[in-house]
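Results of the structural survey
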Amino acid sequence: MKKQMKKTNLYALLLLLFITMLACNDDNLDVVPRDKFSDANVWVDEGASDLFLNDVYNRIMPDFNNTYDPIENWSDNAICGYAWPRSRNTIQRSLQNPTNNPFAHISDYLRWDVVYNNIRRTNVFIKNVTESTALSDDFKKLRLAEARFLRAYAYQWLYMTYGGVPLIEVPLDRVEQGEDIFYPRSTAEETVQFITSECAAIYVDLPTTPEQGRIGKGAAMALKGWVELYAGKWADAAASNKKIMDELDYDLHPDYEGFFLLKPGEANVEGILYRQYFPPAKGGRLDGFIGPTFTDGGAETSWGGCNPTQELVDDYAMDNGKPIDDPTSGYDPQNPYENREPRFYQSIVYNGSYFYNHTFSMVEGSKNAIDLTDKDDATQTGYYFRKRLDDKTLTLGAANWNGRTSYQNYNCFRYAEVLLNYAEAQNEAVGPDLSVYDAVNEVRDRAGIPDLPLGLSQDDMRTAIRRERRVELAFEDKRFWDLLRWKTAEVNINKPLTGVKITEGPTGLVYEYVDATGGDRQFDASKNYLFPIPQSAIEANSELQGDQNPGY
């Protein structure tokens with residue numbers, strides 16, 4: 001078993017921190033944080049002001065390629081391969097409460113205090129740049145738009161996690177403002193309105209093609225459309241996502257698997273908002289944390305932190321585009337991995353897969369057989385994660401998880417999601433018109449499977465879109481939030497998740513679908529659609545007292 005990793009003390013590194021940035025050129029973004037420097041040194045110089053904003057970028061954009069227990073493990077798509085992280089001992093058991101921290105193993109990006117500290121940094125930047133008479137108007141217009149986006153993006157995390165939250169747009173100072181620093185919660189609707197209105201307002205000031213490491217129009221409109229989708233504002237979400245489709249120059253990368261292995265500096269027509277990694281100094285540990293655990297000779301090449309469930313595997317279609325539960329699909333339960341759609345082979349390591357110069361056996365008695373007793377870090381489900389991993393050019397094992405050699409982007413928004421967001425919103429708003437088919441089929445065409453059949457009802461199209469979304473966006477930390485906004489978490493993650501036990505039978509392999517160790521999920525619909533506000537935040541803010549989320 002792995003020992004729980006210690007958090008990096010970011011504050012001790014403030015004057016030495018180099019920036020790992022989304023879609024960035026690291027030469028532009030090396031930064032000495034300036035929030036400790038005097039105003040005279042920062043807000044009169046564009047370079048110094050940029051250094052301050054770069055630090056805000058670094059803090060707010062998720063560094064999820066360096067987490068060993070991703071948000072995907074909160075959903076019905078995956079189970080962590082070891083027992084001690086929070087996904088297994090807190091969230092999946094519905095044990096989160098106002099005094100524990102369920103977010104400890106995803107780098108604290110959802111923690112109330114951390115997010116508000118980052119929002120304060122953006123407010124400091126916005127106030128001082130706005131008031132500066134030394135900075136050029138063009139610089140101020142662009143950088144203020146970027147800062148407002150980052151603040152809105154931070155509020156998006158708070159909204160999805162807690163619902164309505166205090167909306168703070170200015171730096172607060174207890175000495176100068178006294179009790180006025182305490183803000184009450186805004187409603188969920190007011191929080192959505194703030195985020196989306198900010199995105200609409202800054203859209204005009206952002207470039208269509210931003211310089212590397214900076215926010216552009218696509219990111220602002222993608223965030224707007226996503227928050228509207230989350231809130232069930234169907235017509236608004238459809239319009240925002242359609243604006244990207246009609247006005248901006250994004251497209252699908254021609255190769256689904258290859259898109260996730262783009263290296264720094266390579267052309268990226270699909271990525272809209274993503275964090276980029278520059279190993280070794282600014283690299284990730286994606287491959288060493290969440291890939292297949294054992295390869296040749298039992299060598300440990302990854303921690304195995306994200307094991308796909310049978311439920312996810314069953315949603316990958318056949319190569320004729322039909323779901324496996326369609327009697328005409330050709331699915332053979334005795335050969336369950338034959339003739340599946342290309343994304344299955346590009347995303348999942350299964351019995352018989354070839355990965356990292358090794359043909360995997362998940363048959364009982366092999367090192368990678370399903371682990372039903374938590375005896376080691378082998379798969380809990382009979383499957384491993386493959387998508388986004390590089391088994392061709394990286395040396396896996398400790399060289400990766402200690403050396404931070406993963407270079408893959410972490411995608412926050414990409415064009416395929418925009419297409420699926422549009423399709424869902426438009427279907428909910430007006431039904432399955434031709435534009436809904438076109439958007440979904442564009443994603444399916446790139447995946448190498450036939451178009452959806454014509455004549456689907458709105459309900460049938462909804463089912464098709466949700467299946468397509470699950471498969472296309474698997475292992476991108478989208479599924480958990482989808483289950484929350486669809487209000488289906490009380491079904492999908494309120495029962496045991498399953499894996500496959502494979503044994504040798506008299507006439508061939510026998511596939512037995514079993515409850516997975518670590519897959520027993522509990523979800524209380526009366527409270528778990530939101531997380532509890534930390535008790536420490538309530539005690540510190542008189543305006544929050546008595547305003548905890550229901551059930552906590």
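Below is a summary of the structure that appears in this document. (Residues numbered from 1 in each chain as written. Predicted model: local features only at pLDDT ≥ 70, side-chain atom pairs only at ≥ 80, totals over all residues. Heavy atoms only, no water.)

What to know about the overall build of the protein
Of regular secondary structure, the protein possesses 21 helices and eight strands. Taking 24 Å as the expected radius of gyration for a compact globule of 552 residues, we find that the protein reaches 23 Å, a close match to that expectation. Taking the principal axes of the C-alpha coordinates as reference, the protein spans close to 80 × 55 × 50 Å. Per-residue burial for the protein yields a buried fraction of 60% across its 552 residues. Of the contacts made within the protein by residues no fewer than 6 positions apart, 70% connect residues no fewer than 24 positions apart. Approximately 21,000 Å² of the protein is accessible, and the part contributed by carbon and sulfur atoms is 49%. (Helix = DSSP H or I, 4+ residues; strand = E, 2+ residues; numbered from the N terminus. Rg over C-alpha atoms; globule rule 2.2 N^0.38 Å. Buried < 20%, exposed > 50% of the residue type's maximum accessible area, 1.4 Å probe, protein only. Contact = heavy atoms within 4.5 Å. Areas by Shrake-Rupley, 256 points an atom, 1.4 Å probe, with all protein chains shown as cover.)

As for the pattern of salt bridges
The final tally for this structure, using the stated rule, is 41 salt bridges. Between R143 and D50 there is a salt bridge; the shortest N-O distance is 2.7 Å. In this pair, R143 is assigned in helix α6 (residues 137-162) and D50 in helix α3 (residues 46-60), connecting sequence segments 93 residues apart. Its relative accessible area of 6% is what places R143 among the buried residues. Of the residues examined, D50 reaches a relative accessible area of 14% and is grouped as buried. When salt bridges with common partners are traced through the structure, they connect E270, E341, R343, K387, R414, R444, R446, E468, E472 and E476 into a single cluster. (Salt bridge = Lys/Arg side-chain N within 4 Å of Asp/Glu carboxyl O.)

Quick look at the nonpolar core
Judged by nonpolar contacts, the single largest core of 106 residues is most densely connected at W74, F149, Y153, Y155, L223, L273 and W481. Top contributing element to this core by residue count: α6, with 15 residues. Each residue touching F149, except ones within four places of it in the same chain, is listed here: I202, I215, A219, A220, L223 and L273. (Core = buried A, V, L, I, M, F, W, Y, C linked by side-chain atoms within 4.5 Å.)

What to know about the packing of helix α9 (residues 217-230) against helix α19 (residues 479-486)
Packing of α9 against α19 brings their axes to within 9 Å, and their N-to-C directions diverge by 45°. The orientation of α9 with respect to α19, classified from their angle, is oblique. Touching W226, L229 and Y230 of α9 are W481, D482, L484 and R485, all from α19. Taken together, the residues that form the contact of α9 with α19 break down as five nonpolar, no polar and two charged. (Axes fitted to C-alpha atoms, helices over the stretch in contact; angles between N-to-C directions. Parallel < 35°, antiparallel > 145°, perpendicular 65-115°, else oblique. Nonpolar A, V, L, I, M, F, W, Y, C, P; charged D, E, K, R; others polar.)

Structural notes on α9
The terminal C-alpha atoms of α9, which comprises 14 residues, lie 20 Å apart, in line with the 20 Å expected from a rise of 1.5 Å per residue. Positioned one or two residues after α9, G232 has a phi angle of 75°, which is positive. (Expected span 1.5 Å × (residues − 1).)

With respect to the pairing of strand β2 (residues 271-275)
With five of its five residues buried, β2 lies for the most part within the structure. The pairing of β2 with strand β6 (residues 410-414) spans four bridges and is antiparallel. The partner of L273 across the bridge, within β6, is F413. (Pairing = 2+ DSSP bridges.)

Points about unusual backbone geometry
Of note, the bond from P279 into P280 is cis; its omega dihedral lies within 30 degrees of zero at 0°. Looking at the element boundaries, P280 is found in the loop between β2 and α12 (286-290). Of note, D477 is a non-glycine position whose phi angle comes to about 60°, a positive value. Along the polypeptide, D477 turns up in the loop between α18 (458-472) and α19. For D477, a relative accessible area of 8% translates into the label buried.

Some thoughts on the pairing of strand β7 (residues 496-505)
The two faces of the sheet receive side chains in turn, since in a regular strand these alternate between them. For β7 and strand β8 (residues 508-520), the ladder comprises nine bridges, and the chain directions are antiparallel. The residue of β8 that forms the bridge with K501 is E512. Connecting β7 to the antiparallel partner β8 that follows it, the hairpin turn spans two residues.

Some remarks on a negative patch on the surface
A cluster of acidic residues, D45, E46, D137 and D138, forms a negative patch on the protein surface. Of note, D137 is situated in helix α6. With relative accessibility at 61%, the residue D137 sits in the exposed group. (Patch = residues over 30% accessible without salt bridge, like charges linked within 9 Å, V, L, I, M, F, W, Y side chains within 5 Å. Lys, Arg positive; Asp, Glu negative; His and termini not counted. Charge placed at Lys NZ, Arg CZ, Asp CG, Glu CD.)

Considering the environment of Y552
Counting through the fold element by element, Y552 comes out in the segment after α21 (535-540). Between the alpha carbons of Y552 and N97 there is a distance of 6.4 Å; along the sequence they are 455 residues apart. Sequence-distant contacts of Y552, that is, excluding residues within four places in its chain, are made with Q96, P98, K527, N528, L530, F531 and P532.

Focus: helix α10 (residues 234-247)
Taking 1.5 Å of rise per residue, 14 residues should cover 20 Å, and α10 covers 20 Å from first to last C-alpha, within 8% of that figure. For α10, the secondary structure elements touched by its buried residues are α9 and α16 (415-430).

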